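Summary of the model geometry
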Amino acid sequence: MASNTAEEEEEELTVPPTTTEDYEALFSTTDVELLKRAWRNEKAAPEILRFQSDLINRVTEQIQLMEETVEEKSADNADPLSLSLYQMDLDRTLFLLRSYLRVRIQKIEKCTGDLKKHLEENVLSQLPENYQSILRQSVISEEDDMVPEPQLDTFVLCRSKEYLTGIQLEDGPVDDRQFPYSCIDLVVELDPRLSKKMKSGLTRVDVFLVQVFVNCHYPLM
Amino acid sequence: MAGQSDPELSLFSVEELEFIAEDEMVDIVPNLKMGPLNLISGDFGPFTPQIVTKVPMWLAVALKKRGKCSICPPQWMSVEKLTHVLEAERDSQEMSEQLPFHYVEISRLLFEHARDNIPDVYMVRSLIEDIKDVRFHKVETDLEAFNGRTIAVKIKNLSAMEVNIVRPFIGRALQAFYKHDSPELIPDPEKVSDTRPQVVNNAPREWVFMHLVFAFAEATTKIIMN
């Protein structure tokens with residue numbers, strides 16, 4: 001049962017929001033703002049997050065349109081001041097887009113065997129037979145102990161975007177205290193167990209700021 | 001790449017934080033006539049001399065650099081208001097909520113590009129420096145309360161810069177606590193009698209914590225010096 005809900009919630013995290021948040025996003029937020037949020041979240045998260053393909057498509061389109069506009073304007077000898085402002089706006093968006101993609105590439109590169117062939121041919125084949133595996137330290141290793149994985153049970157700091165009511169921590173102290181994740185002032189430490197529980201909430205949380213700090217790793221002594 | 005942060009030190013570089021803050025809105029008084037700008041980040045203008053209009057900080061700074069506008073400093077950036085804030089910050093261990101999330105970056109941008117638009121700029125600047133110091137001292141004190149037995153440390157109203165500085169520290173401290181506190185790593189004295197004698201006490205944890213506090217203090221000094 002427990003693992004079941006965890007999975008459902010996991011799902012909820014990865015599926016794009018479909019409710020009020022979506023509407024809010026549509027009406028009150030520009031794509032640049034959404035991209036900025038995606039960029040911040042990507043930077044703050046230990047794992048690689050779901051690729052925001054729709055958003056990236058839209059932003060790329062807008063960038064292309066704007067590039068055309070700027071070109072037309074400069075061909076028309078438009079006012080150089082407004083032209084430079086258009087260019088700045090374009091550069092800022094390009095920076096965000098590149099930085100977002102770059103963070104993702106860094107994460108992928110960290111955990112990939114892309115250079116496998118090159119490594120096998122030029123390095124591993126020169127090593128003693130027992131050490132030729134790319135995945136294992138040596139033949140003695142029982143599992144793939146050279147494959148890096150993102151550290152998923154790490155801690156992230158979050159800023160809640162809306163009021164969240166008290167959250168009961170499973171491994172909390174005996175008095176079952178409720179922690180006020182109140183106002184906009186959330187500071188959360190996400191423990192892997194807690195994070196499962198909170199992941200649905202996470203879609204509403206901007207991974208940026210910490211305010212209430214909750215530590216649930218330690219059964220109190 | 002320049003401006004990219006070193007994730008070990010802080011999640012966002014100073015430049016990246018400033019980039020984020022540059023989207024905050026500010027009032028300007030243009031001295032030129034220019035039609036509306038339909039940018040990717042939004043529509044701004046039209047610009048008419050002497051008519052106040054709201055634009056993002058980066059746009060304000062760009063116009064200001066070319067001598068095309070003056071920037072109206074935000075309301076909190078007055079000697080009177082900041083004196084209040086400083087008093088409030090000194091009077092209580094709680095962080096005051098009167099300053100915006102990006103107050104450090106916004107004031108830095110304005111000091112750099114719009115000094116002549118800020119009344120009593122020297123006084124304002126020194127007040128903000130003092131507020132920054134007082135606040136940071138409080139954050140440090142709050143974090144000292146943080147050890148392996150801590151359930152919750154509540155620090156409200158942190159600013160972007162402050163969060164950015166404490167984030168790597170908190171993350172690593174927690175990981176260290178977690179590691180030294182994991183049941184798999186610490187033998188259970190009841191079950192395990194054939195392994196080493198009980199080492200279950202708080203010493204290693206406290207030690208790690210102290211160590212991190214020192215590292216943290218050094219890092220923040222460096223950052224504040226910048």
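Since the model is a prediction, treat every value here as computed from it, not as a measurement.

Some points on the overall build of chain B
Helix and strand counts for chain B come out as 7 helices and 6 strands. Buried residues in chain B amount to 48% of all 226 residues. Long-range contacts, defined as pairs at least 24 residues apart, comprise 67% of the intrachain contacts of chain B with a sequence gap of at least 6. Total accessible area on chain B is roughly 11600 Å²; 54% of this is exposed by carbon and sulfur atoms.

Considering the overall build of chain A
Scanning chain A from N- to C-terminus turns up 7 helices and 5 strands. Along its sequence from the N terminus, chain A presents helices and strands in the succession α-α-α-α-α-α-β-β-β-α-β-β. In chain A, the share of contacts with a sequence separation of at least 24, taken over all contacts with a separation of at least 6, comes to 67%. Counting every atom, chain A has about 13200 Å² of accessible surface; 52% of that belongs to carbon and sulfur.

Details of the packing of helix α3 (residues 31-44) of chain A against helix α4 (residues 53-75) of chain A
Residue and element names in this part refer to chain A. Two elements in contact, α3 and α4, have axes separated by 10 Å at closest approach and are oriented at 130 degrees. In terms of orientation, α3 lies oblique with respect to α4. Our pair here, α3 against α4, has a crossing hand that is left-handed. Residues Asp31, Leu34, Leu35 and Ala38 of α3 touch α4, and the partners they reach there are Leu55, Ile56, Arg58, Val59 and Gln62. Grouping the amino acids of the contact of α3 with α4 by side-chain chemistry returns 6 nonpolar, 1 polar and 2 charged.

Thoughts on a negative patch on the surface
Residue and element names in this part refer to chain A. A grouping of Glu67, Glu68, Glu71, Glu72 and Asp76 is seen on the molecular surface, where their side chains present a negatively charged patch. Relative to the helices and strands, Glu72 is located in helix α4. Judged by its relative accessible area of 52%, Glu72 is exposed.

Re the sheet that holds strand β1 (residues 25-30) of chain B
All names here are of chain B. Taken together, 3 strands build an open sheet; the order of strands is β4-β1-β5 and the sheet is antiparallel. The outermost strands of the open sheet, each flanked by one partner alone, are β4 (53-56) and β5 (69-72). Strand after strand, the sheet turns through a mean of 45 degrees between neighbouring axes, direction not considered. Judged from the 4 bridges that link them, β1 and β4 form a sheet pairing that is antiparallel. Bridge pairing in β4 places Asp27 opposite Lys54.

Section: α3(A)
In an α-helix there are 3.6 residues to a turn, and that puts residues three or four apart on one side. Residue and element names in this part refer to chain A. Counted at 1.5 Å a residue, the expected span for α3 with its 14 residues is 20 Å, and the 20 Å between its end C-alpha atoms agrees. Most of α3 sits inside the fold, with 12 of its 14 residues counted as buried. Within the span of α3, buried status applies to Asp31, Val32, Leu34, Leu35, Lys36, Ala38, Trp39, Arg40, Asn41, Glu42, Lys43 and Ala44.

Description of the packing of aromatic side chains
Scanning the entire structure with this criterion turns up 5 aromatic pairs over all chains. Centroid distance Trp39(A) to Phe12(B): 5.6 Å. Interplanar angle 75 degrees. Geometry classified as edge-to-face. One end of the pair, Trp39(A), is in helix α3; the other, Phe12(B), is in the segment before α1 (14-21), on a second chain. Residue Trp39(A) is classed as buried on the basis of its relative accessible area, which comes to 0%. We classify Phe12(B) as buried; its relative accessible area is 0%. Clustering of aromatic rings is evident, with ring pairs tying together Trp39(A), Phe95(A), Phe12(B) and Phe19(B).

What about the environment of Phe101(B)?
Secondary-structure assignment places Phe101(B) in the loop between α3 (79-91) and α4 (103-113). The spacing of Phe101(B) and Met161(B) is 60 residues in sequence and 8.4 Å in space, taken between C-alpha atoms.

Considerations on the pattern of salt bridges
One pass over the structure, following the stated rule, counts 15 salt bridges over all chains. The shortest N-O distance in the salt bridge between Arg104(A) and Glu42(A) comes to 2.9 Å. Of this pair, Arg104(A) sits in helix α5 (residues 80-110) while Glu42(A) sits in helix α3; the two residues are 62 residues apart in sequence, bridging distant segments of the chain. The exposure class assigned to Glu42(A) is buried, which follows from its relative accessible area of 1%. As a salt-bridge pair, Glu22(B) and Arg92(A) come within 2.6 Å of each other at their nearest N and O atoms.

Here we look at the pairing of β1(B)
Bridge count between β1(B) and β5(B): 4 bridges; the pairing is antiparallel. Note on β5(B): the bridge partner recorded for Asp27(B) is Cys72(B).

Quick look at the confidence of the model for chain A
As a general rule, the predicted coordinates of low-pLDDT regions are not to be interpreted in detail. Across chain A, the average pLDDT comes to 64, with 48% of residues at 70 or higher. Averaged pLDDT values over the elements of chain A bottom out at 33 in strand β5 (residues 212-214) of chain A and peak at 93 in α4(A).

Re unusual backbone geometry
Here Gly45(B) and Pro46(B) are connected by a cis peptide whose omega angle stands at 0 degrees. With respect to the helices, strands and loops of the structure, Pro46(B) is situated in the loop between β3 (42-44) and β4. Here the phi dihedral of Asn77(A) falls at roughly 55 degrees; this positive angle occurs in a residue that is not glycine. Examined against the element boundaries, Asn77(A) turns out to sit in the loop between α4 and α5. What makes Asn77(A) exposed here is its relative accessible area of 68%. Despite not being glycine, Asp120(B) has its phi angle at roughly 50 degrees, a positive value.

Cut-offs used in this document
Residues numbered from 1 in each chain as written. Chains lettered and ligands numbered in written order. Predicted model: local features only at pLDDT ≥ 70, side-chain atom pairs only at ≥ 80, totals over all residues. Heavy atoms only, no water. Helix = DSSP H or I, 4+ residues; strand = E, 2+ residues; numbered from the N terminus. Buried < 20%, exposed > 50% of the residue type's maximum accessible area, 1.4 Å probe, protein only. Contact = heavy atoms within 4.5 Å. Areas by Shrake-Rupley, 256 points an atom, 1.4 Å probe, with all protein chains shown as cover. Axes fitted to C-alpha atoms, helices over the stretch in contact; angles between N-to-C directions. Parallel < 35°, antiparallel > 145°, perpendicular 65-115°, else oblique. Left-handed = near helix turned anticlockwise from the far one by under 90°. Nonpolar A, V, L, I, M, F, W, Y, C, P; charged D, E, K, R; others polar. Patch = residues over 30% accessible without salt bridge, like charges linked within 9 Å, V, L, I, M, F, W, Y side chains within 5 Å. Salt bridge = Lys/Arg side-chain N within 4 Å of Asp/Glu carboxyl O. Lys, Arg positive; Asp, Glu negative; His and termini not counted. Charge placed at Lys NZ, Arg CZ, Asp CG, Glu CD. Pairing = 2+ DSSP bridges. Expected span 1.5 Å × (residues − 1). Phe/Tyr/Trp six-rings, centres within 6.5 Å; stacked < 30°, edge-to-face > 60°. pLDDT = per-residue confidence, 0-100.

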